[in-house]
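# Observations on the three-dimensional arrangement
Here is what each chain is made of, one letter per residue.
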Amino acid sequence: MAEGTAVKIPQLDEIDRRILAELTRDGRLSVTAVAENVHISRAHAYSRISRLTEAGVLTKFTALVDPIKAGLKASAYVTLKLRQHSWRELREALRAIPEVHHIALVGGNFDVILLVRAVDNVDLRRVIFDQIQSMPGILDTQTFLVFEDLDTR
């Protein structure tokens, strides 16, 4: 989408919301299962899911991974203060770091918050100190270690 272009937000009704809830709960559900759970026909479910995908409401289907069981035993939220006008360049550099699992541009006392997951604290330190803090345009960071995290989806 071009900069400055208004985002068209599709109108969602109760059926759309129920379909989204079903797919959020289990992204592997078949269209038939979604239809049964939402109490609509398979064809109706298929057309609704297609419309939600084309409108960009559904952006991808993915697996939810337990980070500890996947060998990522150290996690932290890292906040960043940025030099003015550096976001566009930084966001792509941050996306290229495999250990960065989530990026959010926010308002408040800092500009960006990252969720960083690594195999251990040594690796976590490497990512934060050697990769993130050394990026041009980052003025300051704060690191908040995660002791336990729960996915509510």
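See the structure printed just above.
Calculation notes
- Residue positions within a chain follow its written sequence, with the count starting from 1.
- Given that this is a predicted model, residues contribute local features only at a pLDDT of at least 70 and side-chain atom pairs are listed and counted only at 80 or more, while totals for whole chains, interfaces and linings are drawn from all residues.
- Each side-chain value is worked out from all heavy atoms of the structure, with water and hydrogens disregarded.
- Only C-alpha atoms enter the line fits that serve as axes; for helices the fit covers just the stretch in contact. Angles between N-to-C directions range over 0 to 180 degrees.
- Helix numbers and strand numbers start at the N terminus; a helix is a DSSP run of H or I with at least 4 residues, a strand a run of E with at least 2.
- By definition in this entry, angles of less than 35 degrees are roughly parallel, angles greater than 145 are roughly antiparallel, angles of 65 to 115 are roughly perpendicular, and the rest are oblique.
- Contacts between residues were defined by any pair of non-hydrogen atoms, one from each residue, lying within 4.5 Å.
- The residue classification treats Ala, Val, Leu, Ile, Met, Phe, Trp, Tyr, Cys and Pro as nonpolar and Asp, Glu, Lys and Arg as charged. All others, Gly included, are polar.
- Within this document, salt bridges are pairs made up of a side-chain nitrogen of Lys or Arg and a carboxyl oxygen of Asp or Glu, the two lying within 4 Å of each other.
- Think of it in three bands: with a 1.4 Å probe and only protein chains considered, a residue is buried below 20% of the maximum accessible area for its type, exposed above 50%, and partly exposed in between.
- Put simply, buried Ala, Val, Leu, Ile, Met, Phe, Trp, Tyr and Cys residues joined by side-chain atoms within 4.5 Å make one nonpolar core.
- Two strands pair if DSSP finds at least two bridges between them.

Glancing now at the packing of helix H1 (residues 14–25) against helix H3 (residues 42–54). Packing of H1 against H3 brings their axes to within 11 Å, and their N-to-C directions diverge by 85 degrees. On the basis of the axis angle, H1 is roughly perpendicular to H3. From H1, Ile15, Asp16, Ile19, Leu20 and Leu23 reach across to H3, where they touch His44, Arg48, Ile49, Arg51 and Leu52. Residues of the contact of H1 with H3, tallied by class, amount to six nonpolar, one polar and three charged.

This next bit is on the pattern of salt bridges. Throughout the structure, instances matching the rule amount to nine salt bridges. Across the pair aspartate 123 and arginine 126 runs a salt bridge whose closest N-O atoms are separated by 2.7 Å. Placement of both aspartate 123 and arginine 126 in helix H5 (residues 121–132) is noted, with a separation of three residues, approximately one turn of the helix. Here aspartate 123 falls in the buried class, since its relative accessible area comes to 14%. Salt bridges here are not isolated pairs; linked through shared partners, they connect Asp13, Asp16, Arg48 and Arg51.

Attention shifts here to the environment of proline 136. With respect to the helices and strands, the residue proline 136 is situated in the loop between H5 and strand E4 (138–145). Note: C-alpha distance between proline 136 and alanine 21 (115 residues apart in sequence) is 40 Å. With residues up to four places along the chain from it excluded, the contact list for proline 136 reads Arg83 and Leu90.

Let us look at helix H2 (residues 31–38). Owing to its 3.6 residues per turn, the α-helix brings residues three or four apart onto one side. Buried residues of H2: Ala33, Val34, Ala35 and Val38, and no others. Close packing links the buried residues of H2 with H1 and H3. One or two steps after H2, the chain reaches histidine 39, where phi turns positive at roughly 65 degrees.

Let us now look at the nonpolar core. Judged by nonpolar contacts, the single largest core of 20 residues is most densely connected at Leu80, Leu114, Val116 and Ile132. Elements that contribute at least two residues to this core include exactly strand E1 (74–82), helix H4 (87–95), strand E3 (112–118) and H5. Ranked by residues supplied to this core, first place goes to E1 with five residues.

Turning to the sheet that holds strand E2 (residues 100–105), a few remarks are in order. Across the sheet, four strands lie side by side as E2-E3-E1-E4; this open sheet has antiparallel pairing. On the outer flanks of this sheet lie E2 and E4, each paired with one strand and no other. On average, adjacent strands in this sheet sit at an angle of 20 degrees to one another, irrespective of strand direction. Bridge count for E1 against E4 is seven bridges, and the pairing is antiparallel. From the neighbouring strand, lysine 81 faces E4, where its bridge partner is aspartate 140.

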